[in-house]
8 protein chains.
Amino acid sequence: MSTDVRKLLEEVHNGTVSVDTALLKLKLKPFEDIGYAKVDMHRKLRQGTAEVIYGAGKTPEQIIGIADTMLQNGQSTILITRLSEEAAEQVGQSHCLNYDKISRCGIIGQIPPPDGIGKVVVATGGTSDIPVAEEAALTATVLGNEVIRLYDVGVAGLHRTLAHLPDIMRASVIIAIAGMEGALASVIGGLADCPVIAVPTSIGYGASFHGLSALLSMLNSCASGVSVVNIDNGFGAGYLANMINHMHKNEEE
Amino acid sequence: MSTDVRKLLEEVHNGTVSVDTALLKLKLKPFEDIGYAKVDMHRKLRQGTAEVIYGAGKTPEQIIGIADTMLQNGQSTILITRLSEEAAEQVGQSHCLNYDKISRCGIIGQIPPPDGIGKVVVATGGTSDIPVAEEAALTATVLGNEVIRLYDVGVAGLHRTLAHLPDIMRASVIIAIAGMEGALASVIGGLADCPVIAVPTSIGYGASFHGLSALLSMLNSCASGVSVVNIDNGFGAGYLANMINHMHKNEEE
Amino acid sequence: MSTDVRKLLEEVHNGTVSVDTALLKLKLKPFEDIGYAKVDMHRKLRQGTAEVIYGAGKTPEQIIGIADTMLQNGQSTILITRLSEEAAEQVGQSHCLNYDKISRCGIIGQIPPPDGIGKVVVATGGTSDIPVAEEAALTATVLGNEVIRLYDVGVAGLHRTLAHLPDIMRASVIIAIAGMEGALASVIGGLADCPVIAVPTSIGYGASFHGLSALLSMLNSCASGVSVVNIDNGFGAGYLANMINHMHKNEEE
Amino acid sequence: MSTDVRKLLEEVHNGTVSVDTALLKLKLKPFEDIGYAKVDMHRKLRQGTAEVIYGAGKTPEQIIGIADTMLQNGQSTILITRLSEEAAEQVGQSHCLNYDKISRCGIIGQIPPPDGIGKVVVATGGTSDIPVAEEAALTATVLGNEVIRLYDVGVAGLHRTLAHLPDIMRASVIIAIAGMEGALASVIGGLADCPVIAVPTSIGYGASFHGLSALLSMLNSCASGVSVVNIDNGFGAGYLANMINHMHKNEEE
Amino acid sequence: MSTDVRKLLEEVHNGTVSVDTALLKLKLKPFEDIGYAKVDMHRKLRQGTAEVIYGAGKTPEQIIGIADTMLQNGQSTILITRLSEEAAEQVGQSHCLNYDKISRCGIIGQIPPPDGIGKVVVATGGTSDIPVAEEAALTATVLGNEVIRLYDVGVAGLHRTLAHLPDIMRASVIIAIAGMEGALASVIGGLADCPVIAVPTSIGYGASFHGLSALLSMLNSCASGVSVVNIDNGFGAGYLANMINHMHKNEEE
Amino acid sequence: MSTDVRKLLEEVHNGTVSVDTALLKLKLKPFEDIGYAKVDMHRKLRQGTAEVIYGAGKTPEQIIGIADTMLQNGQSTILITRLSEEAAEQVGQSHCLNYDKISRCGIIGQIPPPDGIGKVVVATGGTSDIPVAEEAALTATVLGNEVIRLYDVGVAGLHRTLAHLPDIMRASVIIAIAGMEGALASVIGGLADCPVIAVPTSIGYGASFHGLSALLSMLNSCASGVSVVNIDNGFGAGYLANMINHMHKNEEE
Amino acid sequence: MSTDVRKLLEEVHNGTVSVDTALLKLKLKPFEDIGYAKVDMHRKLRQGTAEVIYGAGKTPEQIIGIADTMLQNGQSTILITRLSEEAAEQVGQSHCLNYDKISRCGIIGQIPPPDGIGKVVVATGGTSDIPVAEEAALTATVLGNEVIRLYDVGVAGLHRTLAHLPDIMRASVIIAIAGMEGALASVIGGLADCPVIAVPTSIGYGASFHGLSALLSMLNSCASGVSVVNIDNGFGAGYLANMINHMHKNEEE
Amino acid sequence: MSTDVRKLLEEVHNGTVSVDTALLKLKLKPFEDIGYAKVDMHRKLRQGTAEVIYGAGKTPEQIIGIADTMLQNGQSTILITRLSEEAAEQVGQSHCLNYDKISRCGIIGQIPPPDGIGKVVVATGGTSDIPVAEEAALTATVLGNEVIRLYDVGVAGLHRTLAHLPDIMRASVIIAIAGMEGALASVIGGLADCPVIAVPTSIGYGASFHGLSALLSMLNSCASGVSVVNIDNGFGAGYLANMINHMHKNEEE
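Residues numbered from 1 in each chain as written. Chains lettered and ligands numbered in written order. Predicted model: local features only at pLDDT ≥ 70, side-chain atom pairs only at ≥ 80, totals over all residues. Heavy atoms only, no water.

Colleague: Would you mind going over the confidence of the model for chain A with me for this structure?
Modeller: Parts of the prediction with low pLDDT should not have their coordinates interpreted in detail. All names here are of chain A. Looking at chain A, the pLDDT average stands at 83 and 85% of residues meet or exceed 70. Of all helices and strands in chain A, the one with the weakest mean pLDDT is helix H4 (residues 38-45) (31), whereas strand E8 (residues 196-200) scores best (98). Ignoring residues within four places in sequence, the model shows residues 27-48, a span with pLDDT below 50, making 50 contacts including any to other chains. (pLDDT = per-residue confidence, 0-100. Helix = DSSP H or I, 4+ residues; strand = E, 2+ residues; numbered from the N terminus. Contact = heavy atoms within 4.5 Å.)

Given below as structure tokens:
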């Protein structure tokens, strides 16, 4: 990847390219040549993790094309999020696709064994939040994390939340997913002693304003250690949870 | 009060006023004469309760004038809400005023003994919500209710909320007051078995948007039995709590 | 219900379980064992009342499953809200379902006789608000309340509102339902002497912004005793009205 | 005023200016010369009405300068709105100014006798709306209208509104001014049979959002014949009321 | 209509009903008996004008039923607004309906000859605003006004607006209808010397936010004499225009 | 075009029309006669540029009619934006239409050779922004500009943006198109030394609120030289880019 | 701490308390006795870390009181955030307070040596964001983290951001703080390979709407691994960064 | 500036630094060394133009420090925007500062002679918009543009706008500045044939919502060639106007 720059430097070393010409070349196109793009660095550090394709707004053909390129480059696991049932059917004809209707996620290849610091808890306030939760859970799973699902533990029935206290207190990272009043993040944030990633959902009606209520509620959480991602962004939460759950591991490799 | 209508009817009866004239008179000014205005009816049913003056936007002179009229009409207890310290000083010169700086409420006269069904619990998420809570508590107290204060029991420290479970479960009505994420209403609504009046407060910063976050959160509460009043409206909550806590009593009298 | 804790305490008493082990067990799963969850307590207090299933976002199969469990546990009346016509048809094949198309509510079993303090008035501003009103009215009815319907009594035709003054003045609780400008709550709140539960509806167009206009209007009501639930939340209003209308009753039982 | 164009046409007629030159001149500055600007036309139609200066954002010097020009042009009455007390003092040193502290309006010169079709009713929901109401009332008065003030007739105390039913039903135009829930416009619109100009005010707190609640409520009024001006725009309402109250009069002159 | 009250008074006069009983009866149901409801009064003043049915949210059966009642009561012209094509077809089977697809308005009966003070100008910014404009124009026409249509005279092509200056300057009332930036109301308000009723439309995309942009723009108009009705409320504008255009006429009758 | 005014002036010169009559005529219809309307002037300055039809909300018949008139007036190139596939098919039956499905633009006639100062760069943050980008690119192309497309160069993969640094730095004008966080405009604005036209798109979900997030982000850009057009307004950006890219050219002609 | 429950169990074991009495006691106050509240657990795991007092809305006396209690309980380091200069002066009279005017933070006691996984980078878009940044940096420092400050590296001057690429790429956690367009979080999120905590600030004017623009922009970030806290919430970001930077460490202890 | 990279390349050429070491160095800090930062490139192209300091949020000391550095680097003209009167006084003590109270701008050094393509017109809707307009005008002037000021030409008095038609039609760029309804941009955009930069101002009250109304109105402008900058951003408009007015000039140099 950095061969172009290396080649240029060697030409400078050999005298076949003048210092001035090299200076100009470096000025005009520094990045694609030097190639320290994030994705690539990342690849080197944690071989074997899955690659993700964001399926929304892509045609089945485009998705297949991207997946093919990834597989040819040695990628063994690919997660496709926001994949419609119709697109999944088409992708499934050319690849061995494991499709989950609820989260609208498809997986090509093997799910790697979990290798994180601890467990990622994915909790939802209601049953309607499960599609977002599954997107988060599958993302974390595919990236190499053990996931514990605590669904329908909303704060209006606090005993359900508290029944899972041991899971909450032993988690490495918690993804708290809720629509409507979004209070789950604060309650879990107050009980847990680990980072809590809050995901507001667009579930609700009336003054929930498509997730705005839950979003504001979560941003205003009085519990420390809570941060928020976009409404319905299960993938983002799962990806961040994976990052946090592999904090030290990265350092060691 | 209804003497005008009675007099008119008597004149019709006596023949001193014709049916047509009486019909016209009744058409044009039915209300002030017939006098079934809410406040007055109410007065008759529950003698001895306090009268309330909303102090905001009124000059000390106006407040004194209104209070004087009330006292002359036999009112023994007057609550003045949203009363600035300066105005309180001025009112205090002509009347025996009991002024509370925190809630900015002033009381003239005796506080009646509580005669409600049960106890009114006033709970707040944080210490900054106390001014609104005290407005609610004083309103309820002055109208004849026993009030239990549970301050700073926000959901981020759930053990504090739960430590007061007996009070919450035995309450007749609960006023849940919170700013920021406003989750207190849902948590208490899920624990309690009585009506919960939620009061969002403008306490907070950033994405609390002056109480909007707490307001939306409370309106979206998944807990049944929760309803909401305006941001910072401690008086409204106290007044409604009193109504609910005197439900059956009213019937009996 | 609390048999687990009782059993544990007896084992401590008998010496078959050590104090330390018992302490640890109590620490880790206090709630499901001790079992003071709201719903259950509630059950004991008012035997015979209906159970409610929120149908939105649930499959017919899920609804049938939940209803079966309830019926097996001795529940004699079940209200299913937000039940689509299609789902109702499917539920109706296995259960004797009484389905109301307007409110999209279904009822399994007998409606209990009313046993509240007084009557619950359900008033709407226009005819378009009736679906929300019927959800409120059926909820209150099924929970054991006598309901008086005052539909299409909006403030733009004040004579219609005033024609029902006696009903308004004698009500135990009033549910005021309106879209557009939402002024009904204030007018009724000013006439009535009982708690008014305001329900904004998403009926309207343009600057009604899907119920926001009515919501803000109701929250700002100058009439005392008015509180607000979420836009279109007929069930919540009916449930709260039932709570208030059974205030003293609960105490006595 | 149109003398420039007339002069040009006469020069064309006389041959001292060529057709081409005249054509070019007319192209480039048509308006100031031809002079059919609204204000001026207006002036001719209704001699003797007052001129208005919007005082906000103008220095006392600027206000005095504008007033002087007007007076020199024969204007006998000048209304200055949004005039601060300090500015009023300064203006009052050079002119005979009649200053009203509540509405922050100043008047120079005589108030003309009313000559409209009927009476302009100015009604407010509360006492805090009076400053806006007085701006409207003084504007209408100064422009030649008889004004009836109905203050503090908010819908939460409907008997107060109804007590003034004859005034409301006989009005030529009604200006309904209210903050908070803004229901006054709908109630009056439903009672009256004339155009109602609704003025939302920024009076209120919490979810009134500086007049937004009243604004939306008034825009959504179900009563026919109601239109709305900007929040706190008393002047605009008074001006429009004058226009409507002089409808036919204009035609006759 | 007032026969009940008259009868009661006569009974008091005859002594068959006591003063006390009469007083009680008047207290409890004053309005439907006294009967000064707006609509009816209005009817008496201007015989022959059309009645209006708001078709949105009503079934064809309901519309037919209401129309039948009106016709039986001697109404000769009925305007039905917001009438879908399907409903129109059904109504058309039982009544002679004149249906306009663009404005979705249907008319039963004869259109009365115009009898207003002057002409009502209906102007739109673009061609997409025409459906709202036609609703306004048909409403005004059916209520007895001569209407001049100035469509697609938006301010971005100012010469088109100015080409119609004579119509604008001679109008009795102007309805200015525009989406997007809504500047038409200000420009026309600045040119005209009569009341301007501004109607924001939901036409537009992106930051027009379904009419919010035009609404705010119109509310902030610097031109005097401009007031605003709800987004897309062509009917409301037409109705108010009719009121204003019949100002003096009403007085005379 | 100005023949009417010229004719009038000649009649004044000849004495066949009096000065007074001419004055009156000029007063009442100045614009359509004098004819300095923008569009026309513009036509004269840059012969041969394309004419644009905004297709949204127009029927295929209307579009064909407008296009026919343009072609008859000698227009050789016509761009139709926001043209649905169905409408395109119909237009294509009577005219030789070049239709682009992605941008939903249709072109009749030849695309003129580019004659601007430099190149117009059209950059997008993601692939989903391409429809808006193509509307901008085709508009600029049809109006006579060389366009360079830099698609999917969003800031989250900064190396992709920087890989195109030479194009960015040499551009004459840049159109930066992005949804979601809209950061592209700031990054490009910081790198480039030419005007940047930012186009927020409605692409995104959750807290993107249909383009609001990108819109606010772009308006707040800290980079100098950035201005913003409406959400999804590719045409507006392309048109403005053409204006800027022909700045001096206009002067010379 | 759990001595109460232990004591109760021992009494049951000894037979001095009956099983029934114990059951009742456990039911009514489970939490304060059992004591698994988060804060306490936390205390045990990481002895020696600082305690934090949120100073806003607390009187100097209250702050001093809380600090005294903490110090008496053996706390060696206390961070006080949102501490006004006046309050700091008063606290400084009784305690050895290290006060920082820019961040309005005060520190009592020693700052512990950093013991996290790696370094916490605190980056700001502009110099005006520094107060929020310093609150974050001091919080992280006081909790035991090495902090690297990268101030004024906003994206409009991308070379400044890129000049610090090594710091960004080697960070353990990054706190990205920006007002206005908030693009910094996306750019850093795209460059870095670690969790990025985005803090929108209320810095800006106009369409920044007090931080709303930056907030929405950050929530919509296309870069993976980015989550958001409340506007201006430097403390929350610093606290969460500390949590993440001590992930594995916690596990080991 | 690029000496570091040049030196590195020379060392590679000389063999004193290995290719690998050079590659690593280039990877880690490419930008500050290579130095193609925008500002610097820009500087070289147009020697002699002014430098700008954004004064808001900077202390007088900081401003003086930055100015000193600029002056030492040979800068002859410095514009300081958003400079408070107090800060101006302090800066004025050490530098020869030309301070304008209205726009709160200060200028150090000589204003260069205008060298743009044509004239920059700065137009405002009202007199209250002048501070923003002067910021724009001074910015454009200091950067080398001839500026024509058209103040108080708002659309409500269209004749004032049209009186300046020649200036508008001959402008090279127009900056249209307006608060309230913001219609000025559309009207000017419809008249002019050059780029129009719209600046919404926060001038207004009520539903202007601090400039939101004008902002939305301008974004929705139907006139082509209009783009928008942030509310009150006079500087941004002036800077962009300068860029556009020097389009071809840049090319030639």
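Colleague: Explanation requested: the interface of chain E and chain C in the structure shown.
Modeller: How big an interface is tends to be expressed through the accessible area that disappears when the partners come together. Contact residues are listed per partner, giving twelve residues for chain E and eleven residues for chain C. Run the count over chain E and chain C and you get three residue pairs in polar contact (both at pLDDT 80 or more). Listing elements by their share of the side of chain E that touches chain C, those giving two or more residues are helix H3 (30-34) and helix H11 (212-219) of chain E. Residues that form the side of chain E that touches chain C fall into these classes: seven nonpolar, two polar and three charged. (Polar contact = N/O pair within 3.5 Å; in protein donor to acceptor, adjacent residues only side chain to side chain. Nonpolar A, V, L, I, M, F, W, Y, C, P; charged D, E, K, R; others polar.)

Colleague: It is not clear to me how the relation of the copies chain E and chain C should be interpreted in this structure. Could you clarify?
Modeller: Superposing the two chain copies requires a rotation about an axis and a translation along that axis. When chain E is fitted onto chain C, the two copies agree to an RMSD of 0.2 Å after a turn of 90 degrees and an axial shift of 0.1 Å. In short, the pair behaves as if placed about a four-fold rotation axis. Of the C-alpha atoms belonging to chain E, the one lying closest to the rotation axis is found on Phe209 of chain E, 7.4 Å away. (Least-squares fit on C-alpha atoms with pLDDT ≥ 70 in both.)

Colleague: Can you walk me through the pairing of strand E5 (residues 119-124) of chain E in this structure?
Modeller: The side chains of a regular strand alternate between the sheet's two faces. Residues and elements named next belong to chain E. Most of E5 is tucked away, with five of its six residues classed as buried. Across five bridges, the pairing between E5 and strand E6 (residues 146-150) is parallel. Its bridge partner being in E6, Val120 is matched across the sheet by Val147. Across five bridges, the pairing between E5 and strand E7 (residues 173-178) is parallel. Along E7, the bridge assignment pairs Val121 with Ile174. (Buried < 20%, exposed > 50% of the residue type's maximum accessible area, 1.4 Å probe, protein only. Pairing = 2+ DSSP bridges.)

Colleague: Quick question: what am I supposed to make of the environment of Ser221 of chain F here?
Modeller: Locating Ser221 of chain F in the fold gives a position in the loop between helix H11 (212-219) and strand E9 (226-228). The class for Ser221 of chain F is buried, based on a relative accessible area of 13%. With residues up to four places along the chain from it excluded, the contact list for Ser221 of chain F reads Ser186 and Val226 of chain F together with Glu181 of chain G. A polar contact of 3.0 Å, which involves the side chain of Ser221 of chain F, links it to the side chain of Ser186 of chain F.

Colleague: Would you mind showing me how to read the sheet that holds strand E3 (residues 97-100) of chain A here?
Modeller: Sheets are built from strands paired through backbone hydrogen bonds, the pairs being either parallel or antiparallel. Residue and element names in this part refer to chain A. If you trace the four strands from one edge of the open sheet to the other, you get E1-E2-E4-E3, paired in mixed fashion. The outermost strands of the open sheet, each flanked by one partner alone, are strand E1 (51-54) and E3. On average, adjacent strands in this sheet sit at an angle of 20 degrees to one another, irrespective of strand direction. Alignment of E1 against strand E2 (residues 77-81), held across four bridges, turns out to be parallel. Bridging from a neighbouring strand, Val52 pairs with Leu79 of E2. This element, helix H5 (residues 60-72), spans E1, E2 and strand E4 (105-109) of the sheet and lies at about 170 degrees to E1. (Axes fitted to C-alpha atoms, helices over the stretch in contact; angles between N-to-C directions.)

Colleague: Teacher, can you tell me more about helix H6 (residues 85-94) of chain A here?
Modeller: For an α-helix, 3.6 residues make a turn, and residues three or four places apart therefore share a direction. All names here are of chain A. Those residues of H6 that fall on the buried side of the exposure criterion are Ala87, Ala88 and Val91. One side of H6 carries all its buried residues, which in axial view fall inside an arc of 100 degrees. Residues of H6 that are exposed and point over 90 degrees away from its buried face: Glu86, Glu89 and Gln93. Packing partners of the buried residues in H6 comprise H5, E2 and E3. (Arc of directions from axis to C-beta.)

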